[in-house]
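# Residue-level structure breakdown
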Amino acid sequence: MKKDFNIETKCVQAGYTPENGEPRQIPIIQSTTFKYATSEDMGKLFDLEAEGYFYTRLQNPTSDRVAAKICALEGGTAAMLTSSGQAANFFSVFNIASAGDHVVASSALYGGTYNLFAVTMKRMNIDFTFLPPTATREELNEAFRDNTKAVFGETITNPSLDVLDIPLWAEVAHEHGVPLIIDNTFATPVNCRPFEWGADIVTHSTTKYMDGHGTQVGGCIVDSGKFDWMAHADKFPGLCTPDESYHGITYAEKFGIEGAYITKATAQLMRDFGATAAPQNAFLLNMGLESLHVRMKKHCENGMAVAEYLKGHDKISRVNYPGLPDSKYAELVKKMLPNGTCGVVSFGIRGGREAAETFMKNLKLAAIETHVADARTCCLHPANTTHRQMNEAELEAAGIGPDLIRFSCGLEAAEDLIADIEQALEYVK
Ligand SMILES: *Cc1c(COP(=O)(O)O)cnc(C)c1O
């Protein structure tokens with residue numbers, strides 16, 4: 001597909017162009033395996049000498065077409081689907097960092113990502129330094145070590161709704177010879193394309209807006225094809241020296257700057273960990289992507305309307321919504337997210353934890369769910385659920401207090417959502 005089509009057109013049509021007489025909709029290739037005439041033919045696939053499918057744990061045509069759409073949306077050169085956003089974030093880092101290495105990350109992260117980094121990957125002897133998303137250039141610089149292999153952050157953070165200064169974080173990462181990985185789940189490529197601001201790798205939980213209807217759990221990793229691994233070969237031996245498990249292939253040589261990272265992630269990590277997207281799920285994800293541009297507009301409109309309403313309410317102690325004109329991120333939003341931010345608003349209720357509980361259980365349209373970024377409005381109390389593994393200090397560092405509510409505006413009428421909030425606030429004394 002032409003690179004210069006508008007994002008709306010890419011949402012609908014990128015990734016799959018049927019030939020004469022072929023299905024108009026992406027076919028679901030519900031097959032674990034693929035047939036070959038000779039073992040030699042298949043051997044070439046195993047050696048990465050030829051392109052093709054042989055086992056769905058590594059690659060499947062349905063999933064690849066949907067990955068190609070997300071790749072086009074982000075403006076990358078290669079992409080892969082994963083079975084979840086967690087798998088995408090794990091692979092994105094583990095593809096270039098091993099035991100003994102170090103990563104610089106924003107402290108305002110999705111709870112699952114924070115746990116993955118601070119607990120599980122720490123047990124793999126990969127060390128993380130967490131910095132606030134508002135860290136200065138000097139603070140960022142000081143966090144780097146000789147063994148730092150990557151920098152990680154979220155465009156709009158879940159659930160604290162901070163906005164990362166991607167150009168600054170990218171610049172500092174590049175000065176230290178490492179890539180910037182950005183989880184772009186909340187903004188989606190409709191509202192922000194991190195590669196245009198210097199990021200090197202983008203990840204997604206496609207479970208959220210991309211799917212948008214709460215039908216599948218999935219993830220995606222996209223490579224910008226811009227990070228020169230060979231220029232920093234000493235830091236990235238996995239990409240720049242022969243892989244003995246693939247007959248001595250050197251990914252950065254054989255697949256070049258545009259293909260090395262995703263090929264290695266597919267060939268090694270998917271082969272060994274098997275966090276594969278199911279073809280049926282890839283199909284459902286694509287149905288969501290076809291309307292992503294239409295839905296994001298409405299999610300953002302509703303987010304703004306709800307944020308503005310809450311802002312003027314005397315029972316509300318604070319409102320985080322980066323789209324508000326008086327947000328501390330207004331300048332950054334104008335630059336990186338000019339068309340909108342997201343439909344998620346987080347806010348504190350006067351009266352703390354108890355008031356938050358009273359409010360939430362009296363909502364009628366907004367359901368209490370772990371989910372977020374869905375067609376149906378939902379809400380969550382992070383301190384009690386997704387972030388309950390954090391202590392008070394960690395909660396503060398992640399921008400979450402005991403009274404914080406994450407409210408994910410769906411696609412209903414803004415007026416009805418506001419009326420629902422209003423009646424539930426009546427119960428808060
Ligand atoms: C939900 C989420 C994840 C994890 O994705 P799953 O699909 O639930 O595994 C990662 N990052 C962000 C920003 C998320 O919102």
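Please read these numbers as outputs of a predicted model, since none were measured by experiment. (Residues numbered from 1 in each chain as written. Predicted model: local features only at pLDDT ≥ 70, side-chain atom pairs only at ≥ 80, totals over all residues. Heavy atoms only, no water.)

## Examining the overall build of the protein chain
For the protein chain, the count of helices and strands is 17 helices and 12 strands. Compactness check: the protein chain gives a C-alpha radius of gyration of 22 Å against a globular reference of 22 Å for 429 residues, within 12% of the reference. In terms of overall dimensions, the protein chain has C-alpha extents of about 75 × 55 × 35 Å along its principal axes. For the protein chain, with 429 residues in total, the buried portion stands at 56%. Sequence-distant contacts in the protein chain: of pairs separated by 6 or more residues, those separated by 24 or more amount to 73%. For the protein chain, the accessible area works out to roughly 17500 Å², and carbon and sulfur atoms hold 51% of it. The averaged location of the 54 negative side-chain charges in the protein chain is 3 Å from the averaged location of its 38 positive side-chain charges. (Helix = DSSP H or I, 4+ residues; strand = E, 2+ residues; numbered from the N terminus. Rg over C-alpha atoms; globule rule 2.2 N^0.38 Å. Buried < 20%, exposed > 50% of the residue type's maximum accessible area, 1.4 Å probe, protein only. Contact = heavy atoms within 4.5 Å. Areas by Shrake-Rupley, 256 points an atom, 1.4 Å probe, with all protein chains shown as cover. Lys, Arg positive; Asp, Glu negative; His and termini not counted. Charge placed at Lys NZ, Arg CZ, Asp CG, Glu CD.)

## Focus: the pattern of salt bridges
Side-chain pairs of opposite charge can arise whenever the charged atoms involved come near each other. Taken as a whole, this structure holds 12 salt bridges when the rule is applied. We note a salt bridge from Asp101 to Lys149, for which the minimum N-O separation is 3.1 Å. Note that Asp101 is positioned in the loop between α4 (85-94) and β2 (102-106) and Lys149 in strand β4 (residues 148-154), a separation of 48 residues in sequence. You'll find Asp101 and Lys149 in the same group, each marked buried. If you follow the salt bridges from partner to partner, you end up with Lys122, Asp127 and Arg145 in one network. (Salt bridge = Lys/Arg side-chain N within 4 Å of Asp/Glu carboxyl O.)

## Thoughts on the site of the ligand
Near the ligand there are 16 residues, and of these Asn158, Asp183, Ser205, Thr207 and Lys208 occur at the shortest range. Here an oxygen atom of the ligand and a backbone polar atom of Gln86 are 2.9 Å apart. The contact in question runs from an oxygen atom of the ligand to an N or O atom on the side chain of Asn158, over 2.9 Å. With three residues, α4 is the single largest residue contributor to the shell around the ligand. (Near = heavy atom within 4 Å. Polar contact = N/O pair within 3.5 Å; in protein donor to acceptor, adjacent residues only side chain to side chain.)

Just distances and angles here, no functional claims.
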